[in-house]
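# Chain and residue survey
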Number of protein chains: 2
Amino acid sequence: MLQISKRGQLMPSSPIRKLVPYAEAAIKNGTKVYHLNIGQPDIETPQPMLDAVRNSSFKVLEYSHSAGNESYRRKLAAYYYQAGIQIDYRQIIITTGASEAILFSFLACLDSGDEVITPEPFYANYYSFALAAGLQVVPITASIENGFALPPIEEFEKKITARTKAIVICNPNNPTGYLYKAEEMEALKQIVIKHNLYLFCDEAYREFCYEGEHISAMHLEGLEQHVILIDSISKRYSACGARVGALVSKNPAVLDAVMKFAQTRLSPPSFAQIAAEAAIDLPSDYFNATKAEYKRRRDTIVQRLNAMEGVFCPNPGGAFYAMAKLPVDDADAFCLWLLKSFSHKGATVMLAPATGFYGTAGLGKQEVRLAYVLNEQDINIAMDCLEAALKVYPGKTN
Amino acid sequence: MLQISKRGQLMPSSPIRKLVPYAEAAIKNGTKVYHLNIGQPDIETPQPMLDAVRNSSFKVLEYSHSAGNESYRRKLAAYYYQAGIQIDYRQIIITTGASEAILFSFLACLDSGDEVITPEPFYANYYSFALAAGLQVVPITASIENGFALPPIEEFEKKITARTKAIVICNPNNPTGYLYKAEEMEALKQIVIKHNLYLFCDEAYREFCYEGEHISAMHLEGLEQHVILIDSISKRYSACGARVGALVSKNPAVLDAVMKFAQTRLSPPSFAQIAAEAAIDLPSDYFNATKAEYKRRRDTIVQRLNAMEGVFCPNPGGAFYAMAKLPVDDADAFCLWLLKSFSHKGATVMLAPATGFYGTAGLGKQEVRLAYVLNEQDINIAMDCLEAALKVYPGKTN
C-alpha cells in the first residue's frame, strides 16, 4: 500500500472550505445562503483592470520575468512610495498571490525544524505553509476581550527558543480585523532586533483601515534587513482570481534566495500582471470609495452583532473581517447546524468557525469569523438569520 | 547577521537564466541573439484562447475552485479520453503550471529525506522542487551515445534503497527530446510495482511526438494507484505565461492530500483557466499543424548539427529540444563565450549548457541543449553562427 507523506496527512483541510458541501446541499434544497465565511468580496473588480486584459493585443502568451514584469514592478514601487515605503523596483518580486510570497519567505529564510511565532487567531494558511516547509508554528494568544490587541511582549519572550527565527504578523489582521498600533509595531521591532529575527508582515489589507493610520513594517527604521513584506492585489482591488502578490525586502540575500525559488516556478501569471499594472493607474480616490463602503458594512455588522443577546464583537480597525463570540456551546457545530438544520424566511448564513484560526487546541470554540463582503442589505438579512438562529439553536449557552 | 536557510543557499540558480545578463549585454552592443536556450515557443497562442479571455464579461475576478473550474476540468477529462486516458474530472486538480503539480506531488507523497530516482539529464527544476521539499534526487545516467534511451532497469535496481519512494520521468523528455518506447514504459512499470513506488510522469510535451506513439504512464494497467500525471498547457498551446497545469491521479488518497495543498494556495489563476478551457475546443487538426512545424524544425536543426565537424546530435523523438555533443572543452564556457566574445554577421546564438541538467557532477561538460522554438530560417542563421563559432572557439577539442 502506497503511503501519503506525513506532512500530507498532517496538512489540515481548509477550515473555511470544509463546510462547503453542506452549503451546496442547502442551496440545492432551495435555501438562500448568505456567505460571510470567505474573503471573496462582492465589490466589482475595477473596470480599467479588466479592460487592460481584454484590450491586450499580444500574439504569444509568454513567460514573464521570474520576478514579474519590470514595467509592473516599477509602477508598484511608485505605489509603495505613496504609502511611505521607499523601495527600488528590484526589491520587489511578483508572486502568484500572497500565498506564494508566504511559502517562498518560509523556504528561503527558514529551515525544517525552525520556529515561527505568530499571534493567534491567525490566517490558517500560515500554518499550512509552515507545515509544507517543515516549520513549527508557535502561537501567542490574543484575546477577543482585548479586541485582539498584540499580546504583551513578555509573552513573546517566553516562547523564544534557539530555533525561533521569525515572527509572522498580518496587519490589518485576518481573521480579527485588528489594526496594530504604533506602539505595538515598536514593541515588535524591539524584540525582532533583540533576538535577531525575521519579521514577515502580511499587509494584504493595508488600504482598508478605519481607525487610525496603517503602520507598515517597512516604516520601522533599523529593520531593513529583517522585514519581508507580503502583499497581494486580491482584496485591495477585488481581484482574488488574479493570483498576483508580491514579496518585498531590502535584504539582498533574501531577495537572491527568493529569486531562486521564483525561477524554479518560471513566472507569475501573465494575463493577471496586466490587470495588476493597470490597477496602479486607478484614480487616486479609488480606495476612498471602497474603504467607505467597507466601513459602512463594518459599522452595520458590528452594531447588529453587539445588539444580539450574549454576542460580543470587538470593533475591528481594518480589513473586512469581524470576530464575534457567540452564546453557543461549539461554534463548529453551530456553523454546521446553520447550514444543515436552520433557515429563516428561506435563508441562512454561512460563517467560519474560529477554531481553524487558532493553533492552541480548545481555543475559539465560541467564536466565529464574519467577512463583510456583502452589501449592507444582505448583511442585514444575514444578521436577521443569525439573530433568529441564536434564539432557537439547541446548543445555546445563555 | 540574519541567515538565509540552508535550502535557500543550496538552491541552484536556473542554469538557463544565469546567462541572461550576458545575452542582454550582447543585445545592448548591437548583436542579434538567436535564443535556442529556453522553451519559450515563437508559435502564436491560438487566437480562440486569447479571444476567450478578451471577450469575457464577468465583473468580479473571483477565486476559482481550488481544484480549478469544474467546466474546465470536465473538458480536460474529455481531452484525456481522446488521448486514451480514461479519468473522471474529479481526478484532475488544476495547478498553477506543471511547476506546482510537481511541488504538490512531492509534498503530498514524499517526506523530507525520501529519495526520488530520475534519469539524467533531467529537467533542472525537478532538483529544485525536490530540494524545496527536502528530498534527495538520485540520478541514473542516460547517455547521448544511446540517444538518451532509458538506462537498463538493473541500474535502477542498484539505486533503490529503503528511502526510495518514487521515480520521476518526463516523456517526451525535456531536455533530451527522448520519447520512451513501449518496452521502456513496461520496464518502469515492473520496477514501480516490485518496489511499491510512485511514478511521477511529466507529459507536458505529449502532443509533440515525431517517431512513434506516445505511451502515457496512465496507459499502464495495474499502476492506477502509483501514477501521478503532471501536465501543462504551456508548451502544448504556446501559452507559457498562462501558468495552467494539472495533476491527474486515480489514487484517491493522493488526490485528497494534494487538494489540501491546493486549498492552501486558494486557487489557480482565473483569467488563464478561461484560455485553457477554450483550448480544448480548438479544431482537431490544431496539433497536426503545430507538430508538422516542429518536426520540420527538428529535421533542420538535427541535420545542421550533425553536419558540423565533431558534433553529434541524436535524433529526438519528441518535445522541441535536441541535445548535442560539441567539440569544446567546456560547454558552459563556450555558451558564455558565444555571448561575450563572438558574433557572426552581427549575430550569435544562445544555448543552454547541459551541466545544469545533470545531477552527477562532471557530466554533460561537452553537451548543450537546443530548443527549436524559432522558425526554420532563424534556426538556419543560428546554426550558421554555431558552425562559425566552433571553427574559431579557442577551447575547441578537434
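Residues numbered from 1 in each chain as written. Chains lettered and ligands numbered in written order. Predicted model: local features only at pLDDT ≥ 70, side-chain atom pairs only at ≥ 80, totals over all residues.

### As for the relation of the copies chain A and chain B
To keep it simple, the criterion reads: For the least-squares superposition of copies, only C-alpha atoms count, and only for residues with pLDDT at least 70 in both. Contact between two residues is assigned whenever their backbone-derived C-beta positions fall within 7 Å.
Here chain A sits on chain B after a turn of 180° about the axis and a move of 0.0 Å along it, with an RMSD of 0.0 Å. Here the copies are linked by what is in effect a two-fold axis. Taking C-alpha positions as reference, the residue of chain A nearest the rotation axis is Arg-54 of chain A, located at 1.9 Å. Taken as a fraction of all interface residues of chain A, those also at the interface in chain B reach 100%, which identifies the copy contact as same-surface.

### Remarks on the packing of helix H2 (residues 20-28) of chain A against helix H12 (residues 331-340) of chain A
For any two helices packed against each other, the geometry comes down to the angle between their axes and how far apart the axes lie. Residue and element names in this part refer to chain A. Defined as follows: Note on geometry: axes are lines fitted to C-alpha atoms, helical ones only across the stretch in contact, with angles between N-to-C directions running from 0 to 180 degrees. Only DSSP runs of H or I with at least four residues qualify as helices, and only runs of E with at least two residues qualify as strands; both kinds are numbered from the N terminus onward. We call two directions roughly parallel when the angle between them is under 35 degrees, roughly antiparallel when it is over 145, roughly perpendicular when it lies between 65 and 115, and oblique otherwise.
Packing of H2 against H12 leaves a shortest axis separation of 8 Å and a crossing angle of 25°. Classified by the angle between their axes, H2 and H12 sit roughly parallel to one another. Residues Tyr-22, Ala-23 and Ala-26 of H2 form the contact with H12, whose own contacting residues are Leu-336, Leu-339 and Lys-340.

### A look at the packing of helix H4 (residues 70-82) of chain A against helix H10 (residues 270-280) of chain A
Residue and element names in this part refer to chain A. Note the following rule: For any pair of crossing helices, the crossing counts as left-handed if the nearer helix is rotated counterclockwise from the farther one by less than a right angle, and right-handed if it is rotated clockwise. Any residue outside Ala, Val, Leu, Ile, Met, Phe, Trp, Tyr, Cys, Pro, Asp, Glu, Lys and Arg is labelled polar, Gly included; the first ten of those are nonpolar and the last four are charged.
Contact geometry for H4 and H10: axes closest at 9 Å, N-to-C directions at 35°. The crossing of H4 and H10 is left-handed. Along the contact surface, H4 presents Ser-71, Tyr-72, Lys-75, Leu-76, Ala-78 and Tyr-79, while H10 presents Gln-273, Ala-276, Glu-277 and Ile-280. Tallied by class, residues from the contact of H4 with H10 come to six nonpolar, two polar and two charged.

### Topic: the sheet that holds strand S6 (residues 198-202) of chain B
All names here are of chain B. Basically, it comes down to this: Pairing between strands is defined by DSSP: at least two bridges between the two strands are required.
One open sheet holds the seven strands; their spatial order is S2-S8-S7-S6-S5-S3-S4, and the pairing between them is mixed. Only two strands of the sheet have a single neighbouring strand rather than two, namely strand S2 (92-95) and strand S4 (136-141). Taking the axes of each pair of neighbouring strands and ignoring which way they run, one obtains an average angle of 20° across the sheet. Here six bridges tie strand S3 (residues 115-120) to S4, and the two strands are oriented parallel to one another. Across the sheet, residue Glu-115 finds its bridge partner in S4, namely Gln-136. Running over the sheet, helix H6 (residues 124-132) touches S3, S4 and strand S5 (164-170) and is turned about 155° from S4.

### Digging into the domain arrangement of chain A
Residues and elements named next belong to chain A. Applicable threshold: Note that the domain bounds reflect an automated or database-derived domain assignment.
Assigned domains within chain A: domain 1 (6-44 + 286-392) and domain 2 (47-280). Placing the centre of domain 1 and that of domain 2 at their C-alpha centroids yields a distance of 25 Å. Listed as interface residues are 37 residues of domain 1 and, on the opposing side, 32 residues of domain 2. Mapped onto the side of domain 1 that touches domain 2, the elements with two or more residues apiece are helix H1 (6-10), helix H11 (286-306), strand S9 (321-325) and strand S12 (367-371).

### Some words on the interface of chain A and chain B
If you look at the interface, chain A gives 62 residues, while chain B gives 63 residues. Considering each element in turn, the side of chain A that touches chain B owes the most residues, seven residues, to helix H9 (residues 252-264) of chain A. Along the lines of polarity and charge, the residues of the side of chain A that touches chain B split into 25 nonpolar, 24 polar and 13 charged.

### Digging into the nonpolar core
When a protein is soluble and globular, its nonpolar side chains tend to lie buried together. As a reminder, the rule being used: To form a nonpolar core, buried Ala, Val, Leu, Ile, Met, Phe, Trp, Tyr and Cys residues must be joined through C-beta atoms within 7 Å. Buried, partly exposed and exposed are defined by the number of other C-beta atoms within 10 Å of a residue's own C-beta, namely 20 or more, between the two limits, and 12 or fewer respectively, with C-beta atoms placed from the backbone.
Ranked by size, the top nonpolar core spans 273 residues in total, and within it Leu-199, Val-258 and Ala-275 of chain A together with Leu-199, Val-258 and Ala-275 of chain B carry the most contacts. The residues contacting Ala-275 of chain A, other than those within four sequence positions of it, are Met-49, Leu-50, Ala-52, Val-53, Ala-239 and Ala-242 of chain A.

### Some words on unusual backbone geometry
Here the bond from Glu-120 of chain B into Pro-121 of chain B is cis, since omega is 0°, no more than 30 degrees from zero. Residue position: Pro-121 of chain B is located in the loop between S3 and H6. A cis amide bond links Asn-171 of chain B to the next residue, Pro-172 of chain B, at an omega of -10°. Looking at the secondary structure, you find Pro-172 of chain B in the loop between S5 and helix H8 (182-194). Here Asn-196 of chain A, not a glycine, exhibits a phi torsion of approximately 55°, which is positive. Positionally, Asn-196 of chain A belongs in the loop between helix H8 (182-194) and strand S6 (198-202).

### Quick notes on the environment of Ile-117 of chain A
Residues and elements named next belong to chain A. Looking at where Ile-117 falls in the secondary structure, it is placed in strand S3 (residues 115-120). Taking the C-alpha atoms as reference, Ile-117 lies 25 Å from Gln-91; in sequence the two are 26 residues apart. Leaving out residues up to four positions away in the same chain, Ile-117 has contacts with Val-138, Ile-140, Phe-156, Lys-159, Thr-164 and Ile-167.

### Comments concerning H4 of chain A
All names here are of chain A. Going by this rule: To estimate the expected span of a helix, count its residues, drop one, and scale the result by 1.5 Å.
Taking 1.5 Å of rise per residue, the 13 residues of H4 would be expected to cover 18 Å, and the 19 Å separating its terminal C-alpha atoms lies within 8% of that figure. Elements that come into contact with the buried residues of H4 comprise strand S2 (92-95), strand S8 (245-249) and H10. In the segment just after H4, Gly-84 is the residue with positive phi, at about 80°.

### Remarks on the environment of Ile-301 of chain A
Residue and element names in this part refer to chain A. You can see Ile-301 is positioned in helix H11. Through-space distance from the C-alpha of Ile-301 to that of Ala-382 is 9.4 Å; in sequence the pair is 81 residues apart. Apart from residues lying up to four places away in sequence, Ile-301 is in contact with Ala-322, Leu-370, Tyr-372, Ile-379 and Met-383.

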